[in-house]
Amino acid sequence: MVRPRFVPLLLMLLSASTSAHADGKLGVFDAWIRAAPPGATMMAGYVTLKNSGDAPLTVLTVQSDAFRLTSLHETVVERGVSRMREVHRLVIEPGGETRLAPGGKHLMLMQPRHAIEVGEKVQVMFLLSDGTRLETYFDVVAPDSTND
Ligand SMILES: [Cu+2]
């Protein structure tokens, strides 16, 4: 007779933990990091972000256990000179997608805490403006691969 009393509480806990995950509206696809020579202090990550919800999603920044410094960057050409600048927010419209790709927006990953090897999966956390933290894993890919 005791057991049924626990069921409603358990269901409440389960539904609460599910909704805390941004309702799964941010989809992360083709997440990869370009491998760099040993000792490199900067690496770039690329990914496609899709919003399957009905409201805009805003990514504020990224974090990774594998790097001391992480940010969102974009490469821009000003007066013929290619340079990088920080992106302070990435907005993904409902039903839309944002591609971070070589030559454009990217994850700037600096000061690795350990050697980042080809084939490794690197943890990256996306921080959204609604407080969501989405944990993902990026594949480390050799620079001469077809991904470029
Ligand atoms: Cu950069």
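Residues numbered from 1 in each chain as written. Predicted model: local features only at pLDDT ≥ 70, side-chain atom pairs only at ≥ 80, totals over all residues.

Undergrad: I keep staring at the overall build of the protein and nothing clicks. Help me out?
TA: Helix and strand counts for the protein come out as one helix and ten strands. With 148 residues in all, the protein has 17% of them scored as buried. Once local pairs closer than 6 in sequence are excluded, the contacts in the protein between residues at least 24 apart make up 67%. (Helix = DSSP H or I, 4+ residues; strand = E, 2+ residues; numbered from the N terminus. Buried ≥ 20, exposed ≤ 12 C-beta atoms within 10 Å, placed from the backbone. Contact = placed C-beta atoms within 7 Å.)

Undergrad: Please explain the environment of Thr 132 as it appears in this structure.
TA: With respect to the element layout, Thr 132 can be found in the loop between strand S9 (121-128) and strand S10 (133-141). By C-beta crowding, Thr 132 is classed as partly exposed, having 17 other C-beta atoms within 10 Å. Between the alpha carbons of Thr 132 and Val 59 there is a distance of 9.3 Å; along the sequence they are 73 residues apart.

Undergrad: For this particular structure, what's the right way to read the confidence of the model for the protein?
TA: Predicted coordinates in regions of low pLDDT should not be interpreted in detail. When the pLDDT values of the protein are averaged, the result is 87; 81% of them are 70 or greater. Per-element averaging of pLDDT across the protein places helix H1 (residues 3-19) at the bottom with 48 and strand S8 (residues 105-112) at the top with 98. Within the model, the stretch residues 11-22 combines pLDDT values under 50 with four contacts to residues more than four positions away or in other chains. (pLDDT = per-residue confidence, 0-100.)

Undergrad: Just checking my understanding: could you explain the nonpolar core for this structure?
TA: In summary, soluble globular proteins display a tendency toward joint burial of nonpolar side chains. Counting 21 residues, the largest nonpolar core has Leu 107, Val 124 and Phe 126 as the members making the most contacts within it. When residues of this core are traced back to their parent elements, those giving at least two are strand S1 (26-34), strand S2 (42-51), strand S3 (57-63), strand S4 (67-78), S8, S9 and S10. Sorting elements by how many residues they give to this core places S2 first, with four residues. Those residues in contact with Phe 126 that lie beyond four places of it in its chain are Leu 26, Val 59, Val 62, Leu 134 and Thr 136. (Core = buried A, V, L, I, M, F, W, Y, C linked by C-beta atoms within 7 Å.)

Undergrad: Can you walk me through the pairing of strand S5 (residues 81-86) in this structure?
TA: A small share of S5 lies buried, amounting to zero of its six residues. Two elements, S4 and S5, share six bridges in a ladder whose sense is antiparallel. Looking across to S5, one finds that Thr 75 is bridged to Met 84. (Pairing = 2+ DSSP bridges.)

Undergrad: Help me understand the environment of Pro 102 in this model?
TA: With respect to the element layout, Pro 102 can be found in the loop between strand S7 (97-100) and S8. Looking at Pro 102, the number of C-beta atoms within 10 Å reads 11, which means it is exposed. Linking Pro 102 and Thr 75, residues 27 residues apart in sequence, is a C-alpha distance of 8.6 Å.

Undergrad: When you look at unusual backbone geometry in this model, what are you seeing that I'm missing?
TA: Glycine aside, residues mostly have negative phi, and peptide bonds are mostly found in the trans state. Although it is not a glycine, Asp 30 sits at a positive phi angle of roughly 50 degrees. Take Asp 30: there are 14 C-beta atoms within 10 Å of it, and that puts it in the partly exposed class.

Undergrad: Sorry if this is basic, but what is going on with the pairing of S3 here?
TA: Strand residues, when the strand is regular, have side chains that alternate between the two faces of the sheet. Across three bridges, the pairing between S3 and strand S6 (residues 90-92) is antiparallel. Each bridged residue has a counterpart across the sheet, and for Val 59 the counterpart in S6 is Leu 90.

Undergrad: When you look at the environment of Lys 121 in this model, what are you seeing that I'm missing?
TA: Tracing the sequence through the fold places Lys 121 in strand S9. Sequence separation between Lys 121 and Thr 136 is 15 residues; the distance between their C-alpha atoms is 9.4 Å. Setting aside chain neighbours within four positions, we find Lys 121 in contact with Tyr 137, Phe 138 and Asp 139.

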